[in-house]
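Inside the fold
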Amino acid sequence: MMLLQLGKGMIVSIEIFMLTLLFSLPLGMLVAFGRMSRNCVLRGITKIYISIMRGTPLMLQLLVVYFGPYYVFKIRISNSYRFIAVIIAFAINYAAYFAEIYRSGIESMPIGQYEAAKVLGYGKVQTFFKIILPQVIKRILPAVTNEIITLVKDTSLAFAIAQAEMFTMAKQIAAAQTTILPLMVAGVFYYILNLAVAAVMERLEKACSYYR
Amino acid sequence: MKLLEMRHVKKEFEGLQVLKDISLSVEEGEVISIIGPSGSGKSTLLRCATMLEEMDSGELLYMGEYAAKMKDGKCVYASKAELRKLQHCFGLVFQNFNLFPHYSVLKNITDALISVDKIPKKEAEERAEKLLEQLGLAEKRDAYPYQLSGGQQQRVSIARALAKQPKILFFDEPTSALDPELTVEVLKVIKALAKEHMTMIIVTHEMQFAREVSDRVIFMEEGLIQEQGTPEKLFGTGNERVREFIGHLTGK
């Protein structure tokens, strides 16, 4: 019974995890471009955005995204918005972190790669996607792995707005049955999830190790 | 025919005049070496010629067509499409090779042909294999740059530049990152190209090589061409400064 409930919660946790990655990985790339843009307004805005996302608690950001529409616009919050709010808050928070990882990777590329590509006639877009990005991905994989592992554990923050994910479930069962066991089991589940994440990322790193 | 013409090129970096007034024209089949102390502007000149650096003032022509011209006292570059066309005229070999580490030797050479010049893959590969054969790298076609010695990497980068069949090939200190033994194998390749009358401009510190391979040697210092002429003329010059510089490097 307990395992069944926790299992249901885990599926929600995995959904949060997957959807957050799906949105934040590409969004982070856009933010990174904004951060490196020659346009100083765009650069300034993204800088402030990243600064706020990294400088305030994710739990607070969750509350703002969830309750914001009500307090600011007096919009009634529907029940289905809860999950959407979780995804929005996680995606924009993680995009900020990924953006900085992308930026560090892109800026670490030797200028000679751009110059060689230019002399060979590659356009800007081709240079980025064919020459720069593949090498950047290899360089940033370890940092991205770190973020993804943190994300698995951070999904438990959705507890703050009572989203029924694994941690929320565990807490409820623990309170109802006055036992700490469900929380321990949840901990084991998070750990197993992260083992899987680490295994996948290790395979990716291996796939990129055919060159130096 | 004049393949390249540079007229009154000036370039400064943060107030420092690196090129003060350089004019240079290159005939088809000519091999030119540019020598001079570091900081004299040799590399900057090459970078202006290959459009990696924009000139502050001056004109640049390939095959008689303007890449940049002076208009109302300002240096104006041609349209992007125009420049891309002119870019086909030349290739550049870098000091530190700048091969693409994630591509195999073969792909380093063929990728630009296929994805930029839209040459069929089969034809591009045939062209690359022929060049690798010529440069003694046939068995390295599937290797990755990190698996090669510096000399082999530089030869691959020469093959990569040649594959685009440029009219003129620039070398920016092609052996400065190599030890003496590997330097020899790269210089041999360049000498072979000179024999086939490939038009080349080579920035180098290898005096003996410059003397052997060049039709014309240019001595640059402080952003100006101080002296130029046939190797015999330049290496036998009465110009004190040039003698001093060459003497330093050849140990005479």
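Residues numbered from 1 in each chain as written. Chains lettered and ligands numbered in written order. Predicted model: local features only at pLDDT ≥ 70, side-chain atom pairs only at ≥ 80, totals over all residues. Heavy atoms only, no water.

1. Describing the overall build of chain B
Along the backbone of chain B there are nine helices and 11 strands. Over its C-alpha atoms chain B spans a radius of gyration of 18 Å, differing by no more than 12% from the 18 Å that the globule rule assigns to 252 residues. Along the first, second and third principal axes, the C-alpha set of chain B runs to 50 × 50 × 35 Å. Scored against the burial criterion, the 252 residues of chain B give a buried share of 57%. A separation threshold of at least 6 residues defines the contact pool for chain B, and within that pool the share at least 24 residues apart is 63%. Carbon and sulfur atoms make up 47% of the accessible area of chain B, which totals about 11500 Å². Taken as two groups, the 34 positive and 38 negative side-chain charges of chain B have centres that lie 3 Å from each other. (Helix = DSSP H or I, 4+ residues; strand = E, 2+ residues; numbered from the N terminus. Rg over C-alpha atoms; globule rule 2.2 N^0.38 Å. Buried < 20%, exposed > 50% of the residue type's maximum accessible area, 1.4 Å probe, protein only. Contact = heavy atoms within 4.5 Å. Areas by Shrake-Rupley, 256 points an atom, 1.4 Å probe, with all protein chains shown as cover. Lys, Arg positive; Asp, Glu negative; His and termini not counted. Charge placed at Lys NZ, Arg CZ, Asp CG, Glu CD.)

2. Quick look at the overall build of chain A
Check the secondary structure of chain A and you find eight helices and zero strands. Principal-axis analysis of the C-alpha atoms places the extent of chain A at approximately 70 × 45 × 25 Å. Per-residue burial for chain A yields a buried fraction of 45% across its 212 residues. Total accessible area on chain A stands at roughly 11500 Å², and carbon and sulfur atoms take up 70% of it. Charged side chains of chain A number 20 positive and 9 negative; the gap between the two group centres comes to 5 Å.

3. So, the interface of chain A and chain B
Contact residues are listed per partner, giving 19 residues for chain A and 23 residues for chain B. Between chain A and chain B, a total of about 2200 Å² is buried, with carbon and sulfur atoms accounting for 56% of that surface. Sorting the residues of chain A by area buried against chain B places Val119, Leu120 and Tyr210 of chain A first, and these three jointly supply 30% of that buried surface. Arg47 of chain B serves as the salt-bridge partner of Glu115 of chain A, at 2.6 Å between the closest nitrogen and oxygen. Where chain A packs against chain B, one counts 15 residue pairs in polar contact (both at pLDDT 80 or more). Elements with a contribution of two residues or more to the side of chain A that touches chain B: α5 (111–119) and α6 (124–154) of chain A. With seven residues, the top contributor of residues to the side of chain A that touches chain B is α5 of chain A. Grouping the amino acids of the side of chain A that touches chain B by side-chain chemistry returns nine nonpolar, six polar and four charged. (Buried area = accessible area lost by both parts, 1.4 Å probe. Salt bridge = Lys/Arg side-chain N within 4 Å of Asp/Glu carboxyl O. Polar contact = N/O pair within 3.5 Å; in protein donor to acceptor, adjacent residues only side chain to side chain. Nonpolar A, V, L, I, M, F, W, Y, C, P; charged D, E, K, R; others polar.)

4. Observations regarding the sheet that holds strand β6 (residues 74–77) of chain B
Two strands in a sheet stick together by hydrogen bonds in their backbones, pointing the same way (parallel) or opposite ways (antiparallel). Residues and elements named next belong to chain B. The strand order β2-β1-β4-β5-β6 describes an open sheet built from five strands, whose pairing is antiparallel. In this open sheet, the two edge strands, each paired with only one partner strand, are β2 (16–27) and β6. On average, each strand axis in the sheet is tilted by 20° relative to the strand beside it, whichever way the strands run. Inspection of the sheet shows strand β1 (residues 2–13) paired to β2 by eight bridges, in the antiparallel sense. By the bridge assignment for β2, Glu5 is matched with Ser25. (Pairing = 2+ DSSP bridges. Axes fitted to C-alpha atoms, helices over the stretch in contact; angles between N-to-C directions.)

5. Thoughts on empty space enclosed by the protein
Space left empty within the atom packing is revealed by a probe, the size of a water molecule, rolled over the atoms. Applying the stated criterion across every chain yields a total of two cavities of 30 Å³ or more. Looking at the largest cavity, it is lined by 13 residues, and the ones nearest its centre are Val119 and Leu120 of chain A together with Leu92, Arg160 and Ala161 of chain B. Every element with two or more residues in the lining of the largest cavity is listed here: α5 of chain A together with β7 (90–93) and α5 (150–163) of chain B. The greatest single-element share of the lining of the largest cavity, amounting to four residues, is contributed by β7 of chain B. Residue composition of the lining of the largest cavity, grouped by class: nine nonpolar, two polar and two charged. Considered as a void within the structure, the second largest cavity measures approximately 30 Å³ in volume. (1 Å grid on protein atoms, 1.4 Å probe; cavity = no way out; pocket = protein on both sides within 12 Å on 5 of 7 lines; lining within 4 Å. Points joined across faces, edges and corners; volume = space filled by probe spheres on them.)

6. Side note on the environment of Pro110 of chain A
Residues and elements named next belong to chain A. Relative to the helices and strands, Pro110 resides in the loop between α4 (81–107) and α5. You can call Pro110 partly exposed: its relative accessible area is 39%. A sequence separation of 22 residues divides Pro110 from Ile132, and the C-alpha atoms of the two residues are 9.6 Å apart.

7. Structural notes on the confidence of the model for chain A
On average, residues of chain A carry a pLDDT of 92, and 100% of them reach 70 or more. Here helix α7 (residues 166–177) of chain A stands out as the least confident element of chain A, with mean pLDDT 89; α5 of chain A is the most confident, with 96. (pLDDT = per-residue confidence, 0-100.)

8. A closer look at the layout of surface pockets
In this structure, the largest pocket occupies an estimated 1200 Å³ of space. Lining the largest pocket are 27 residues, with Arg38, Lys118, Gly123 and Lys124 of chain A together with Lys80 of chain B positioned closest to its centre. Taken together, the elements giving at least two residues each to the lining of the largest pocket come down to α5 and α6 of chain A together with α2 (80–87) of chain B. Split into classes, the residues belonging to the lining of the largest pocket amount to 12 nonpolar, six polar and nine charged. Considering only enclosed or pocket space, the second largest pocket measures out at about 440 Å³ in volume.

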